[in-house]
Amino acid sequence: MTGASIRLDSVQFSYGSTQMSFNLSVESSDIVAVMGPSGSGKSTLLNLVAGFERPASGSVMIAGRDVSALPPAQRPVSMVFQENNLFAHLTVAQNVGLGRSPSLRLDAADHSDIDRALERTGLAGKQARLPAQLSGGERQRVALARVLVRSQPVLLLDEPFASLGPALRREMLELVRALHAEHGMTVLMVTHHPDDAHALAHRIAFIEEGRVSACADTATMFSENAPESFKAYIGN
Ligand SMILES: Nc1ncnc2c1ncn2[C@@H]1O[C@H](COP(=O)(O)OP(=O)(O)OP(=O)(O)O)[C@@H](O)[C@H]1O
């Protein structure tokens, strides 16, 4: 797994009267925190990259290739949501295995990759459990293990740790940071927490009213030179 660049060029999208227009350029292997007020369009931006939403016009490029017309399964992307990442009736190992084969036709090499991913995410020995038999943090680890077996160059995280307590959230951020150090995937992570951005992100994309109003390195965004609206948003 390595990273891929991401580029949104004049991507127009609307939900009824809510108009959005995104321009964004992310370098390969960067980690970008996507921040902004509630309803500003952060999830929509990720959904446009993942292919769950299609632009009315403009283009979404990944690794220099226009993926705007491709369905989600054909994009080189993995996504982890705040919850409901797992199928309740499938075991941990099967949920991870879906990252390799949607029909769960898995060979010995796949099974050993699944075991390795579970070990890497601290879930060794929990292969046969159902999601209901896991804690919230463990369920998000399963989702990250599936990311590892999918081995895609772009990882989209939509507030994946928002429902976890502070200590567990820090632990999960540390895990993402370690996985990034090993695999170098490009990460877009929606978060409302400045601490998350500090801990993990190289850059911050600030979304306001359906636009990327600023995108700069994390140190700049947390300095005096940050846009006033971003300072107001984080409460400085
Ligand atoms: N399926 C939908 N149908 C209609 N409008 C939607 C839909 N999803 C989102 N919206 C609207 O689009 C805008 C952007 O929503 P989005 O979920 O991208 O915001 P967000 O920045 O991720 O918000 P939050 O921080 O609250 O999760 C909002 O005004 C929202 O109400």
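Under an unreviewed UniProt entry, the name given to the protein is Thiamine transport system ATP-binding protein, and the organism recorded is Aquamicrobium aerolatum DSM 21857. UniProt lists a comment for the protein under the heading Sequence similarities (unreviewed entry), and it reads "Belongs to the ABC transporter superfamily."

The biggest cluster of nonpolar side chains holds 43 residues, and the ones touching the most others in it are L144, L157 and F230. Counting contributing residues per domain, this core is built from domain 1 (1-76 + 154-236) and domain 2 (88-151), each supplying no fewer than three. Setting aside its immediate chain neighbours within four residues, L157 contacts L46, V80, L144, V176, V187, L188, M189 and V190. L24, V34, L70 and V154 belong to the second-largest nonpolar core, a separate cluster that totals 29 residues.

Along the chain, H180 turns up in helix α5 (residues 166-183). Within the structure, the side chain of H180 is placed 2.8 Å from the backbone oxygen of S29, a separation counted as a polar contact. Setting aside residues no more than four positions away along its own chain, H180 makes contact with S29, I31, M185, V187 and H202.

The next subject is the sheet that holds strand β4 (residues 57-62). Sheet architecture is open: 4 strands sit in the order β2-β1-β4-β5, paired in antiparallel fashion. Strands with a single pairing partner mark the edges of an open sheet, and in this sheet they are β2 (18-26) and β5 (65-66). In terms of strand pairing, strand β1 (residues 6-15) meets β4 through 5 bridges, oriented antiparallel. Bridge pairing in β4 links I6 to I62. Along the sheet, helix α1 (residues 42-50) makes contact with β1, β2 and β4, crossing β1 at roughly 115 degrees.

Cut-offs used in this document
Residues numbered from 1 in each chain as written. Predicted model: local features only at pLDDT ≥ 70, side-chain atom pairs only at ≥ 80, totals over all residues. Heavy atoms only, no water. UniProt positions renumbered as here; feature names shortened; annotations may be inferred. Core = buried A, V, L, I, M, F, W, Y, C linked by side-chain atoms within 4.5 Å. Buried < 20%, exposed > 50% of the residue type's maximum accessible area, 1.4 Å probe, protein only. Domains from an automatic or database assignment. Contact = heavy atoms within 4.5 Å. Helix = DSSP H or I, 4+ residues; strand = E, 2+ residues; numbered from the N terminus. Polar contact = N/O pair within 3.5 Å; in protein donor to acceptor, adjacent residues only side chain to side chain. Pairing = 2+ DSSP bridges. Axes fitted to C-alpha atoms, helices over the stretch in contact; angles between N-to-C directions.

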